[in-house]
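Architecture and fold: a report
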Amino acid sequence: MIRRRHVLGGAGLAATGLLGVGCASSLPAGLEVHELSWLDAQRDRPVLVRLTLPADANLVTPRPLVVISPGIGSNRYGYSYLAGGLAQRGWACLNLEHVGSNRQVWWGNPWGLVDRLQHAARDEEALARVQDLRFALDQVLASPTWRGRLDASRVVGAGHSYGANTLMLAAGAGVKREGRALSLREPRLKAVVLMSAPPFYGETDLPAVVGGISVPNLHITTTEDEIKIPGYLSPVKDRLDLFERMGGSRKGLLVFKGGSHSIFTDRSAPGGFAHNAQVKAATTEISHLWLSAALQGQAPGADALKAWRSQHAAAVERLEL
């Protein structure tokens, strides 16, 4: 394993959006960042992650862990606003990079971009992403370095777009191939936040696919959240249908007014700079409230939700919790 450690005081990070390179983003002060690189020898596949957590010298209680899976074409440095914001609130955040669908899809001959995107979206890569998640959890939770700092009993997940698809599979989506049900459920995941979740392409029985998911799940989208990738087009209705058909002991829906599919990446322009910043702040806080409550088998408290609504109501179209 290769490991690099940083203690940040607002250092800039390069970030990647769903459909291109995002703007520079920065992490708040007082956080500890570790770049971890492994090789899953069984699959001959690198697994790269960034671990962000509070820089506590005298930690008594281990931190709950959020695994963050990115959209297509992104890497472990993306979604830094979410990792940084959650780490400020006491979480450890493990940002995954999936090497078969990371930034390399944008590199090379532009005439081959469509082929690279479609190759990154194939079944084999979708399954490999779930295996990346499982392998990363195995490595970081078993490491003596993090024992005592990470709580293996409090693991949750967040994903955007392709990453939301990855989290749904890890949460127990019932997918069959060649007449055989695929066993992808990651039992350590106790709850998930799904931003801009795409449909399962080629699957016609949506309730059979997602109805068996049992962990608490929060869906976050916008009124203009269309997925437009060459070869794939998914309207906002797909996001709402997934929410309606999803199982789970508890589920919620948050729909923001305006803002494109890429507003949940580190890009600061989609939706307008002011609205973009508010959506990111609201997404980070509601994710914290939802996941914290889910780990206790509860819904977010009424007082916390009231405070959240009063601060972010102008950006919200619909909220069901």
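The present account deals with the structure reproduced in this document. Keep in mind the model is a prediction, meaning the values are calculated, not measured.

How each quantity is defined
- Residues numbered from 1 in each chain as written.
- Predicted model: local features only at pLDDT ≥ 70, side-chain atom pairs only at ≥ 80, totals over all residues.
- Heavy atoms only, no water.
- Helix = DSSP H or I, 4+ residues; strand = E, 2+ residues; numbered from the N terminus.
- Contact = heavy atoms within 4.5 Å.
- Buried < 20%, exposed > 50% of the residue type's maximum accessible area, 1.4 Å probe, protein only.
- Pairing = 2+ DSSP bridges.
- Axes fitted to C-alpha atoms, helices over the stretch in contact; angles between N-to-C directions.
- Parallel < 35°, antiparallel > 145°, perpendicular 65-115°, else oblique.
- Left-handed = near helix turned anticlockwise from the far one by under 90°.
- Nonpolar A, V, L, I, M, F, W, Y, C, P; charged D, E, K, R; others polar.
- Salt bridge = Lys/Arg side-chain N within 4 Å of Asp/Glu carboxyl O.

**Focus on the environment of K176**
Among the structural elements, K176 can be located in strand β11 (residues 176–177). Along the primary structure K176 and E203 are separated by 27 residues, whereas in three dimensions their C-alpha atoms are 9.0 Å apart. Excluding anything up to four places from it in sequence, K176 contacts A181 and E203.

**Let's talk about the pairing of strand β7 (residues 45–54)**
By the criterion of burial, β7 is predominantly enclosed, with nine of the 10 residues buried. In the sheet, strand β6 (residues 29–40) pairs with β7 via 10 bridges, with the strands oriented antiparallel. Note on β7: the bridge partner recorded for S37 is L48. In this antiparallel pair of consecutive strands, β6 and β7, the connection spans four residues, and D44 shows a positive phi of 50°. The pairing of β7 with strand β9 (residues 92–97) spans five bridges and is classified as antiparallel. Each residue of the ladder has a partner; that of L48, found in β9, is E97.

**Structural notes on the packing of helix α1 (residues 80–88) against helix α7 (residues 273–295)**
Running from amino to carboxyl end, α1 crosses α7 at an angle of 45°, the nearest separation of the two axes being 9 Å. Taken together, the axes of α1 and α7 are oblique relative to one another. Taken as a pair, α1 and α7 cross one another with a handedness that is right-handed. Residues Y81, L82, G85 and L86 of α1 form the contact with α7, whose own contacting residues are K280, T283, T284, S287 and H288. Split by residue class, the contact of α1 with α7 holds three nonpolar, five polar and one charged.

**Some words on the packing of α7 against helix α8 (residues 302–312)**
Packed helix pairs are characterised by how far apart their axes lie and by the angle those axes make with each other. Two numbers describe how α7 lies on α8: the axes approach to 11 Å, and their chain directions differ by 175°. Compared by their axis directions, α7 and α8 come out roughly antiparallel. Residues Q278, A281, A282, E285, I286 and L289 of α7 lie in contact with α8, whose contacting residues are A304, L305, W308, Q311 and H312. Tallied by class, residues from the contact of α7 with α8 come to seven nonpolar, three polar and one charged.

**Here's the deal with the environment of A152**
Mapped onto the elements of the fold, A152 is located in strand β10 (residues 150–160). The class of A152 is partly exposed, set by a relative accessible area of 40%. The spacing of A152 and D138 is 14 residues in sequence and 9.9 Å in space, taken between C-alpha atoms.

**Concerning the pairing of strand β17 (residues 251–256)**
Side chains on a regular strand alternate between the two faces of the sheet. Burial analysis of β17 places five of its six residues in the buried class, the great majority of the element. Summarising the sheet, strand β14 (residues 217–222) and β17 pair through six bridges and their orientation is parallel. Residue L218 lies in a different strand from β17, and its bridge partner there is G252. Sheet analysis places β17 next to strand β18 (residues 316–320), joined by four bridges and oriented antiparallel. Each residue of the ladder has a partner; that of V255, found in β18, is R318.

**A closer look at the pattern of salt bridges**
Considering all chains together, one arrives at 19 salt bridges under this definition. R50 is paired through a salt bridge with E35; the nearest N and O atoms lie 2.3 Å apart. With R50 in strand β7 and E35 in strand β6, the pair connects residues that are 15 residues apart, well separated along the chain. In this pair, the class of R50 matches that of E35, namely buried. Here R45 makes a salt bridge to E125, at a shortest N to O gap of 3.0 Å.

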